[in-house]
Number of protein chains: 2
Amino acid sequence: MNEIEMRFQLLIEAKNWKALKAELNQLDPHDIAETISELSKDNRVILFRLLPREQAKETFQHLSHDEQEGVIEGLAENSNKITSLLNDLDPDDRTAFFEELPGKVSQRLMQLLSNKERAIATRLLGYPEDSIGRLMTPEYVAIKPHFTVAQALDHIRKFGHNSETLNVIYVVDNQWKLIDDIKIKEVLLASPEQLISDIVDNRFIALNAYDDQEVAIKVFQDHDRVALPVTDSNGVLIGIVTIDDVMDIVEEENTEDFQKFGSIQEMVVNPLKAGIFYLYKKRIAWLFALVFMNVFSGAAIAHFEGVIQSAVALVFFLPLLIGSGGNAGSQSATLMIRSLATGDVEMQDWFRLLGKELLVSLLLGLTMAVGVSLIAAVRMPDVMLIVALTMVLTVMAGSMLGMLLPFLFTKFKMDPAAASAPLITSVSDITGVMIYFSIATWYFGL
Amino acid sequence: MNEIEMRFQLLIEAKNWKALKAELNQLDPHDIAETISELSKDNRVILFRLLPREQAKETFQHLSHDEQEGVIEGLAENSNKITSLLNDLDPDDRTAFFEELPGKVSQRLMQLLSNKERAIATRLLGYPEDSIGRLMTPEYVAIKPHFTVAQALDHIRKFGHNSETLNVIYVVDNQWKLIDDIKIKEVLLASPEQLISDIVDNRFIALNAYDDQEVAIKVFQDHDRVALPVTDSNGVLIGIVTIDDVMDIVEEENTEDFQKFGSIQEMVVNPLKAGIFYLYKKRIAWLFALVFMNVFSGAAIAHFEGVIQSAVALVFFLPLLIGSGGNAGSQSATLMIRSLATGDVEMQDWFRLLGKELLVSLLLGLTMAVGVSLIAAVRMPDVMLIVALTMVLTVMAGSMLGMLLPFLFTKFKMDPAAASAPLITSVSDITGVMIYFSIATWYFGL
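**Comments concerning the sheet that holds strand 4 (residues 207-208) of chain B**
Residue and element names in this part refer to chain B. Taken in spatial order, the 3 strands make up an open sheet running 4-5-6, and their pairing is mixed. Every interior strand has two partners, whereas the edge strands, strand 4 and strand 6 (237-242), have only one. Along the sheet, helix 14 (residues 213-223) makes contact with strand 4, strand 5 (227-231) and strand 6, crossing strand 5 at roughly 135°.

Written as C-alpha cells, this is what we have:
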C-alpha cells in the first residue's frame, strides 16, 4: 500500500469526508482508479460516492470489469448515483461494461437509462462481439460544407460538449452522408472566412461497424489517425471510433496471440488476482489435449521396441533430435503467425514461402547434423549416421509443420495463433520418433 | 499486383507523367507507399520524383527502412529533391530513418540539412536507442497563461503550421517551464474572452526523454492521451511524443516479445522479403544453443542405461512425460512474461505468486497423473506408479521453471521474454529425464 492509499484509508476511518474530497480533487482519474483498486470493496464504494459526476464517470472507465461490477453493486441502495453514472458514461465505455455483465443484470441496469441513452446502448450492443460497432460512439461533431470556418468554430463551441473528441470534425451532407473527416488542425489554421468546402479533400477512410476490431487496429496503425468514422452501407455516418479504445484492444489482442501461442487461452488476467481454480481450469484442457498427442509418440516408440533393445544408445539422442525438430518448428510458426497477423504475408504467398522455408530448413538441418555428428562420433560412432540423417529430416519436417499449421488454421477460419508452440512440439515429436526409428530399423537391417 | 499498381506500371512505361501525377493526387500517402513498395526500385524512384513536397514527405515515412534507403540512393543524382525531402521530414520520422543508417551515410545526409534542422536532428539522435527522446519532436504549439482563448486561437493560427499536432496545446511560463497541457477541446469549448489561466488545472503527465519507450506506451495506454509532453529535469518542455509513433512501437515491441518467446531474436522482418541466408543466420544460433542443452538430457539418459535395459517400456512414456513438463512450463512462462510486460505483476510479488503456482501446478500434475495412469494401466501396469509419480513432479518442476526464468532474467536486467518456450522446454526435459529414471531406479531397487 503506498502513501496515498494509506492516507485515504486513514481519512475513511476518521470519516473525514471533506479532506477526502479535497484529496480526490488533486488526482487524475487514472490515479484515482489505481488507488481505489487497492482498497477494500466497501471503501471503494465510499470513495466512489464522494466523486463529483464528471470524475466518477472518468474513474469508472479506468476500473477493471470486476471492480466496476463491485461499485455498481455497492451503490445499489443509492440508486440516484447509479442512474447518473450510467447515463453519464460514454456510450463506448458503457458498451464495454454491459457486454460482460450477465444478461439479467444488464437488463435491470438498462432500465435506469434515459430513453435516449437506452436507445443508443441497445443499438451498440446489437453489433456482434469483437466488431467495430462495439467500439463505436455516436458522440461526435458534424458540420456542413457550406459553413465558413468561423461558423464551424461557433458550431463546435455550441454542440461539442458531449463529443468524445474534437480532434477530428466530420463533414456531412443533408442526408448525413459522410463527405470528409478533417483534422481540427486544418480548421484552426484556416482563415475564419474560408468555406469548409474549400478545406475538404473528399479523401477519408471509413470503417464498417460489422468488421472485426482487428481491422480497426490495422487502419489506425497504417494511417496515423486519432479517430476514424464508421459509416453504413449507404455511406451515412453512424459513429466514430477513437484511438484510446483501439490502444486498449491492441494490448488485448497481442496478449491473446501471445498466450494462444503459449497455449493458455482467453487469459487476459492478472495472475495475482485470479483464483487458483480459475488458473487451473484455463490450463488443464490444453495440457490434457497435448498428453493425448504425446501418447502417439509413445505408441510409435512401442512399435520400435525391437530396434531400441538392440541399440539402447539410440535413446540417448532421442530428446535432442525431437527437441530440435520442435524448436525449428516453433521458430517458423512464430514467424508465420506474426506475419499473418501484421498483414506482411497473405494466404496466396504460401507456395513462395514454402520453397523458401524448405531451403532455409535444409541449411539449418545440415548445420545441426554436423554439430550432432561430432558429439556422436566421440561417444557412440555406430549410431552417428542415423543421428545425422534424422537431424536433417526432423528439422525440415518441424519447420514445414510450423509453417503449415498456422496456414491451415487460417484457411479453416481459425485463429493462426492457436497453432501454439506446444502443439507444434507435440506433432513434431511424433514425426521425429517415426523418422528416427525408421531410419535405425533400415540401417540395422532389422 | 493489383489494379492501381498495374495502371502505374503502364503509365510509367508510357512515360505519361501528367496522368501519373493526377493519379497520385487521388491517393492517400499510405496507399501511395503501399503501391510504391510493389514496384521495382527504379520505378519507385520515378514515382517519388513526381510527388509534390508535402506528399513526398508523408509517403516517405510510410515506407519501410529499406525502401527509404532505396529511394534516397535512387534520388542521389537529383540532390535538390533529397535536400528538400530531408528538411521537410518531421523530426521524429527523420530520427527513425537516420538511426538505422550506417554512420557514414547518415553523416553525409546530415550535411544536406539546414543549420536549424541539423541541430534538431543531432540533439534527437543524442538520446539513447529505444529511449523516449528518439520518439520526440520539438514541433508543438506553446502558449502563455495570460493569453485569452481568442489570443490563443490567433497564436495557433499563426504558429501552428509546423506543429506535429494541434490536438493538444502546451502552456508554459517565461522560462518555458511546462504549466499544463490542454486538450484542444477545452480551448474550443471555452468562450473567446476567457483566460487560459482559467482553463489550466496544473495536472499533467510529462515523460522523461531518457526513459525507455515502453514507459511511454504504458502512460499512453493508462491515460487515454493522444500526445504527451517531454520535460527535462527542471520541468522545461523540450518536446512532445504523439500517439501515432507510439502505436508503431507497440506493434514492434509486441512482435519482439512474441518472437523472443519463440526464440527468433530481433526479427521484425517480412519473411517474404528477407533473404534465405538472413533467415538462416537469425535462427541457427538459437537452435544450436538448444542442441547443447539437449545434449545434457542425452547424457542423463546414458547415465541410466541400466534401468532402461531392464524396462524398455519406460522409454514409451518418455516423450509424454517430458513433453508435459515443458508444456506446463511454457504456460506459466507465458503468463509471467506478459504480466511483467503489462505491469500487472512486479518483482516483489514473486513469493506470493510462487505459492500460488505451486498449488496450481500440483492440481494440474495430479489430474494429468490420473489420466496417464489409466493409459499405463492398460498397456504396462508394471511402470504405472513410476509414470504417475513422475507426471506430478515434472509438471510441478516445469511450472516452477516457467515462473523462475522470466523473474531471473528480469533480476539480471535481461528481457524476460528471452526466457523462450524452447529454452524452458529444453531445461525441463533434463529435469524430467532425471526425475523419471531416478524414480524408476529406486522403484526397481536397482
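**Overview of the pairing of strand 6 (residues 237-242) of chain A**
All names here are of chain A. Most of strand 6 is tucked away: 6 of the 6 residues are buried. Looking at chain direction, strand 5 (residues 227-231) and strand 6 are connected through 5 bridges and run antiparallel. Looking across to strand 6, one finds that P229 is bridged to I240. Where strand 5 folds back onto strand 6 in an antiparallel hairpin, the turn is made up of 5 residues, including G235, whose phi is positive at roughly 80°.

**Focus: the packing of helix 1 (residues 3-13) of chain B against helix 2 (residues 17-25) of chain B**
Residue and element names in this part refer to chain B. For the pair helix 1 and helix 2, the least separation of the axes is 8 Å and the interaxial angle reads 150°. What the angle tells us is that helix 1 and helix 2 run roughly antiparallel. Along this stretch, helix 1 crosses helix 2, giving a crossing that reads as left-handed. Between helix 1 and helix 2, the contacting residues are R7, F8, L11 and I12 on the first element and W17, A19, L20, E23 and L24 on the second. Class assignment of the residues belonging to the contact of helix 1 with helix 2 gives a composition of 7 nonpolar, no polar and 2 charged.

**Focus on the interface of chain B and chain A**
Listed as interface residues are 121 residues of chain B and, on the opposing side, 120 residues of chain A. At the boundary of chain B with chain A, total buried surface from both sides reaches about 10800 Å², with 68% on carbon and sulfur atoms. Remark: the boundary between chain B and chain A carries 2 salt bridges. One salt bridge connects A:D28 with B:R225, and the closest N-O pair in it is separated by 3.3 Å. A breakdown of the residues in the side of chain B that touches chain A according to their chemical character gives 62 nonpolar, 36 polar and 23 charged.

**Notes on helix 19 (residues 318-342) of chain B**
With 25 residues, helix 19 of chain B ought to run about 36 Å at 1.5 Å a step, and its terminal C-alpha atoms sit 36 Å apart, in line with that. One or two steps after helix 19 of chain B, the chain reaches B:G343, where phi turns positive at roughly 85°.

**Things to note about the packing of aromatic side chains**
Between two aromatic rings, the relevant description is the distance of the centres plus the angle of the planes. Residues and elements named next belong to chain A. Enumeration according to the criterion identifies 20 aromatic pairs over all chains in this entry. Here the aromatic rings of F60 and F97 are separated by 5.2 Å at their centres, their planes lie at 85°, and the arrangement is edge-to-face. Taken together, the residues span a long stretch of sequence, with F60 in helix 5 (residues 53-62) and F97 in helix 8 (residues 91-98) at a distance of 37 residues. For the pair F60 and F97, one class covers both residues: buried. When the centroid spacing of 6.3 Å and the interplanar angle of 50° are considered together, the rings of W350 and F351 count as tilted. Since its relative accessible area comes to 16%, W350 is described here as buried. Exposure remark for F351: the relative accessible area of 65% places this residue in the exposed category.

**Notes on the relation of the copies chain B and chain A**
Least-squares fitting of chain B to chain A yields an RMSD of 0.2 Å, with the transformation described by 0.1 Å of translation along the axis and a rotation of 180°. Both chain copies can therefore be described as sitting about a two-fold axis. Among all residues of chain B, the one whose C-alpha sits closest to the rotation axis is B:N167, at a distance of 2.7 Å. Same-surface contact between copies: 99% of interface residues of chain B are shared with the interface of chain A.

Definitions and cut-offs
- Residues numbered from 1 in each chain as written.
- Chains lettered and ligands numbered in written order.
- Predicted model: local features only at pLDDT ≥ 70, side-chain atom pairs only at ≥ 80, totals over all residues.
- Heavy atoms only, no water.
- Pairing = 2+ DSSP bridges.
- Helix = DSSP H or I, 4+ residues; strand = E, 2+ residues; numbered from the N terminus.
- Contact = heavy atoms within 4.5 Å.
- Axes fitted to C-alpha atoms, helices over the stretch in contact; angles between N-to-C directions.
- Buried < 20%, exposed > 50% of the residue type's maximum accessible area, 1.4 Å probe, protein only.
- Parallel < 35°, antiparallel > 145°, perpendicular 65-115°, else oblique.
- Left-handed = near helix turned anticlockwise from the far one by under 90°.
- Nonpolar A, V, L, I, M, F, W, Y, C, P; charged D, E, K, R; others polar.
- Buried area = accessible area lost by both parts, 1.4 Å probe.
- Salt bridge = Lys/Arg side-chain N within 4 Å of Asp/Glu carboxyl O.
- Expected span 1.5 Å × (residues − 1).
- Phe/Tyr/Trp six-rings, centres within 6.5 Å; stacked < 30°, edge-to-face > 60°.
- Least-squares fit on C-alpha atoms with pLDDT ≥ 70 in both.

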